[in-house]
Amino acid sequence: MHRIGVIGGGTMGAGIAEVAARAGGEVLVLERDTDGAYLARARIARSLTRAVEAGKLDRDLADQAAGRIALTTVIDDFADRELVIEAAPEIEVLKTEFFAKLDTIVAPEAILATNTSSIPVIRIANTTAHPGRVVGVHFFNPVPVLPLVEIVVTLQTERAVADKVTAYARNTLGKRTIESKDQAGFVVNALLIPYLCSAIRMAESRFASIADIDEGMVVGYAHPMGPLRLTDTIGLDTTLAIAESLYAEFREPHYNPPPLLRRMVDAGYLGRKTGRGFYTY
């Protein structure tokens, strides 16, 4: 697969576009308008520059990767894509609308993938006439740095589709993959979100300070980042959306989002991307 489409040029979409282009793909990114396209291009440029400055990427290779990325505001331009990866916000109706349109635009043999971190993939696939070609391909943030990709297989996903996407993630993108059945949260977030919610409840109750909660897990258990700073990195809005999806599916109390998380999202304190969450950036 060489012609790759990415729906959305936000944090995740920009990262996916970058790694696909660095691997030699011709990448087309869909944004809602020209301002969004400009911001997406800037995100990718900043990430490539950081990789060069860190000594992880040659400047010429960075420039070549940037040259393989095009931006568009017209979804019909995706007609020739072999693989389309949707990285729109975690809003189910938004994702299903994209898939319903893409299903009528791309070739029958093209693969449609969603980067959703929590929504059951089958609900997205069922908006298409070809649910067998829909698969979950869940990257982790920051995409150019973290090596894991979850391949999420629905009851209707064709085995050949899952195998082809797995091979692309491993052999072309150089990622490590794990496979999950299609349930809310998949493998990683089903384990991670209760941990983050417990840390938020601990901070909410003032049982311990934000700094001490994070310090305890970093120093006591050798985690690279404490749970509250990790929540800031993921995004409080994303954490809330995943927790809500998990709670809706399983009705387990440890998945229920803490009130503090909801209030911070209401206030616009979403973490690193807004400059303020549990910490100020």
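Preceding this section is the structure that the text describes.
In what follows, the accompanying structure is described. (Residues numbered from 1 in each chain as written. Predicted model: local features only at pLDDT ≥ 70, side-chain atom pairs only at ≥ 80, totals over all residues. Heavy atoms only, no water.)

1. Focus: the pairing of strand E6 (residues 134-139)
Counted only if it meets this: Buried means the residue's accessible area, taken with a 1.4 Å probe over protein chains only, is under 20% of the maximum for its type, while exposed means over 50%, and partly exposed covers the values in between. Put simply, DSSP marks the helices as runs of H or I at least four residues long and the strands as runs of E at least two long, and each gets a number from the N terminus on. A pair of strands is treated as paired once DSSP finds two or more bridges between them.
Burial within E6 is extensive, with six of its six residues counted as buried. Of the two faces of E6, the one carrying Val134, Gly136 and His138 and the one carrying Val135, Val137 and Phe139 are both buried. Strand direction decides the pairing type here: strand E5 (residues 111-114) and E6, joined by three bridges, are parallel. Residue pairing in the sheet places Thr114 in a bridge with Gly136 of E6.

2. Section: the nonpolar core
Filter applied, for reference: For the purposes of this section, nonpolar cores are sets of buried Ala, Val, Leu, Ile, Met, Phe, Trp, Tyr and Cys residues that join through side-chain atoms within 4.5 Å.
Ranked by internal contacts, the top residues of the largest apolar core, which has 35 residues, are Val27, Leu83, Val135, Val137 and Phe139. If you look at the next biggest cluster of nonpolar residues, it comprises 21 residues, including Phe78, Ile105, Val106 and Val134.

3. Thoughts on the side chain of Thr231
For clarity, the cut-off: A contact between two residues is defined here by any heavy atoms of the two lying within 4.5 Å.
Residue position: Thr231 is located in helix H9 (residues 227-234). Residues contacting Thr231, with those up to four places away along its chain left out, are Leu196, Ile200, Leu236, Thr239 and Phe278.

4. A few points about the packing of H9 against helix H10 (residues 236-250)
Worth spelling out the cut-off: Helix axes use the C-alpha atoms of the stretch in contact, all axes being lines fitted to C-alpha atoms, and the angles between their N-to-C directions lie in the range 0 to 180 degrees. Roughly parallel means an angle under 35 degrees; roughly antiparallel means over 145; roughly perpendicular covers 65 to 115; every other angle is labelled oblique. Residues were grouped as follows: Ala, Val, Leu, Ile, Met, Phe, Trp, Tyr, Cys and Pro as nonpolar; Asp, Glu, Lys and Arg as charged; and all remaining residues, including Gly, as polar.
Look at H9 against H10: their axes get within 6 Å of each other, and the N-to-C directions meet at 95°. If you check the angle between H9 and H10, you find them roughly perpendicular. Here H9 contributes Thr231, Asp232 and Ile234 to the contact with H10, which in turn contributes Leu236, Thr238 and Thr239. Considered class by class, the residues forming the contact of H9 with H10 number two nonpolar, three polar and one charged.

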